[in-house]
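# Descriptive structure summary
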Amino acid sequence: MERAVPGRDGGPRSPPSALPWGGLSAWLECACAVTFDLELGQALELVYPPDYALTEKEKTSLCYLAFPDSYSGRLGDTQFSFRLRRSGGQRSPLDKEGPEYDRAAPLWLQREPAHYFGYVYFRQVKDSSLKRGYFQKSLVLVSRLPYVNLFQRLLQLIAPEYFDKLDPCLEAVCSEIDQWPPPEPGRVLNLPVMGVVIQVRVPSRADKPGSSLDTPVNQEDLSPAPLVLSSVSELDLFRCFQPVLTHVQMLWELMLLAEPLVVMAPSPAVSSEVVLALTSCLAPLKYCCDYRPYFTIHDSELKEYTTRTQAPPSVVLGVTNPFFIKILQQWPHILRLGELKMAGDLPKQVKVKKPARLRSLDAKPGLYSSYKPFLHKDKALIKRLLKGIHKKRSSEAQSILLRQHLLELTESFIIPLEHYMASLMPLQRAVTPWRNPPPIRPFQQEEFLKTLENAGPQLTSVIKGDWIGLYRRFFRSPIFDGWFRQRHKEMMHKLEALHLEAISEANIGAWMKHKSEVEVVDLVLKLREKLVRAQGHHLPVKEEAAQRVRQHITTLVGSLPEDLQAVLCPQ
């Protein structure tokens, strides 16, 4: 049976239940196989479902990103991730759970509206039967969900089998994923694939930051025992940051201030892991700028990032080709890394060096930057990590310690901002039914900075330094802008909800006295509009309050002449 092409242009759509691959699209956009063609280079061999509409630009970019950028004689399998800008305009999500998922998920786990994530399993092995002498192929899972842990683990199960059995295997896997329950935040999910059940919990916005709720508990007697993932997205932070542990706070500041940063690594696996670790270290704050876990010289945005006529944009780039040392010399912060090795002792720490020293292609590993951190290093953290190494503490346990430190640092920074922001909200008693609610007061930077003396980060953090200087720089950062817009939107919604609840508790009979028909009709239309907005924007309005407003509308309409009632409530 021929499958209908999904509407990707934002046009009218069929009901979700009638769409083919509705279950699959809740998790994946498509799966692709990329191979090496002697005449064409990297070539897209397969897209599944076969009618998934990638643009030509997306196909070209995907092919380049599916293979290591610089020549590597390394044989075997490697996994990495990339993030690709979508082309061809905004496209509607296929699955009906999309908006509901985004409301329930933490901000940093929401679906990407303008980018794809690509999760890659690349194999390179000698094969004398091929003209090139090597078998080179990648299986790529394309999704709008930042579930790096889940999808890379899924690839470990399906890619080796796919390289052996090819297309029928991929079709069978996609059919299995099509039967999965949707990714519902806060719920433990059992996801069967190829005879294995992956068990995972998708975090919820209601979770307390830093809680261990992510790890699912197998309460069902599943046989065989499920493959339990501790997180859909969290990486091994200790492994990713091991060469830069002494500079973790400086890197946290660079992320907080959305400074342009290049991660130069020996492989896409290292570059993508480190970039994703960097962008996750602000949680629960969302890193709302662009980032590319793996970026190649063939990328269509290369000119954007290498122009010398303007300052580099706020983006974190993960690169592997040494050519980038030449073309990105004007970038203010470059982290040059070697291979990530788990050693028994603290790995050799890279040094902070002046950018001018990064000139030659054989430049040594280091953090090339002139940035002077605002906060002092937390030497106690390094001591605790060193103690863990000497006690042979697991990398997972070290990661939990490191993540907790970064979480506490972010919360110490953001709590004073949250408290100040809450003080800008009008008092509830000032919200009356028949007047527009008072506006939210504007954010005054200097007024906020004055609050720090008695209610600053020093209340929750032992770290010393120029916190005020850090806030001043933060106010110029897109991360502040993203945080402020989100909080202001939530406050506006809360204010609208309070106004609707005040209306619901008002005496509608008393209001109607001495009111003209025009005024009554005007109020009916306004109340209807408020209810539509409350439903459309999912305002935090209690159902009883909404029901009372509907009764007010019925009372108002009933007070009007029959001809007007017929206009307002046509049969």
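Report on the accompanying structure. Source: prediction; values computed, not measured.

## Structural notes on the pattern of salt bridges
Any two side chains of opposite charge can pair, so long as their charged atoms come close to each other. Applying the stated criterion across every chain, the model contains 24 salt bridges. Between R85 and E301 there is a salt bridge, with its nearest N and O atoms 3.8 Å apart. With a gap of 216 residues between them, R85 in strand β3 (residues 76-85) and E301 in the loop between β10 (290-292) and α9 (302-306) connect regions that are remote in the sequence. Using a relative accessible area of 32% as the deciding quantity, one classes R85 as partly exposed. Accessibility expressed as a relative area gives 6% for E301, which makes it buried. With its nearest N and O atoms 3.0 Å apart, the salt bridge here joins E490 to R487. One end of the pair is E490 and the other is R487, both in helix α15 (residues 478-504) and three residues apart, which spans about a single turn. Using a relative accessible area of 32% as the deciding quantity, one classes E490 as partly exposed.

## Points about the packing of helix α4 (residues 148-165) against helix α5 (residues 167-177)
Where α4 contacts α5, the axes come no closer than 7 Å and their chain directions differ by 150°. Viewed along their axes, α4 and α5 adopt a mutual orientation that is roughly antiparallel. Contacts between α4 and α5 pair L154, I158, E161, Y162 and K165 from the former with D167, P168, C169, L170, V173 and I177 from the latter.

## Describing the nonpolar core
With 115 residues, the main nonpolar core has W27, Y147, F241, W252, F413, L417 and F443 as its most contacted residues. With near-sequence residues (within four places) excluded, F241 lies in contact with V248, A277, L278, C281, L402 and L406. Counting 22 residues, the second largest nonpolar core, distinct from the first, contains L500, L556, V557 and L560.

## A look at a positive patch on the surface
Among the surface-exposed residues, R384, K387, K391 and R393 lie close enough to one another that they form a single positively charged patch. Along the chain, R384 falls in helix α11 (residues 379-390).

## Points about the sheet that holds strand β6 (residues 188-193)
Reading across the sheet, the three strands line up as β6-β7-β8 and stay open at both edges, with mixed pairing between neighbours. The strands lining the two open edges of the sheet, one partner per strand, are β6 and β8 (227-228). Direction of pairing for β6 relative to strand β7 (residues 196-201): antiparallel, over a ladder of six bridges. Bridge pairing in β7 places L189 opposite V200.

Conventions we followed
Residues numbered from 1 in each chain as written. Predicted model: local features only at pLDDT ≥ 70, side-chain atom pairs only at ≥ 80, totals over all residues. Heavy atoms only, no water. Salt bridge = Lys/Arg side-chain N within 4 Å of Asp/Glu carboxyl O. Helix = DSSP H or I, 4+ residues; strand = E, 2+ residues; numbered from the N terminus. Buried < 20%, exposed > 50% of the residue type's maximum accessible area, 1.4 Å probe, protein only. Axes fitted to C-alpha atoms, helices over the stretch in contact; angles between N-to-C directions. Parallel < 35°, antiparallel > 145°, perpendicular 65-115°, else oblique. Contact = heavy atoms within 4.5 Å. Core = buried A, V, L, I, M, F, W, Y, C linked by side-chain atoms within 4.5 Å. Patch = residues over 30% accessible without salt bridge, like charges linked within 9 Å, V, L, I, M, F, W, Y side chains within 5 Å. Areas by Shrake-Rupley, 256 points an atom, 1.4 Å probe, with all protein chains shown as cover. Lys, Arg positive; Asp, Glu negative; His and termini not counted. Charge placed at Lys NZ, Arg CZ, Asp CG, Glu CD. Pairing = 2+ DSSP bridges.

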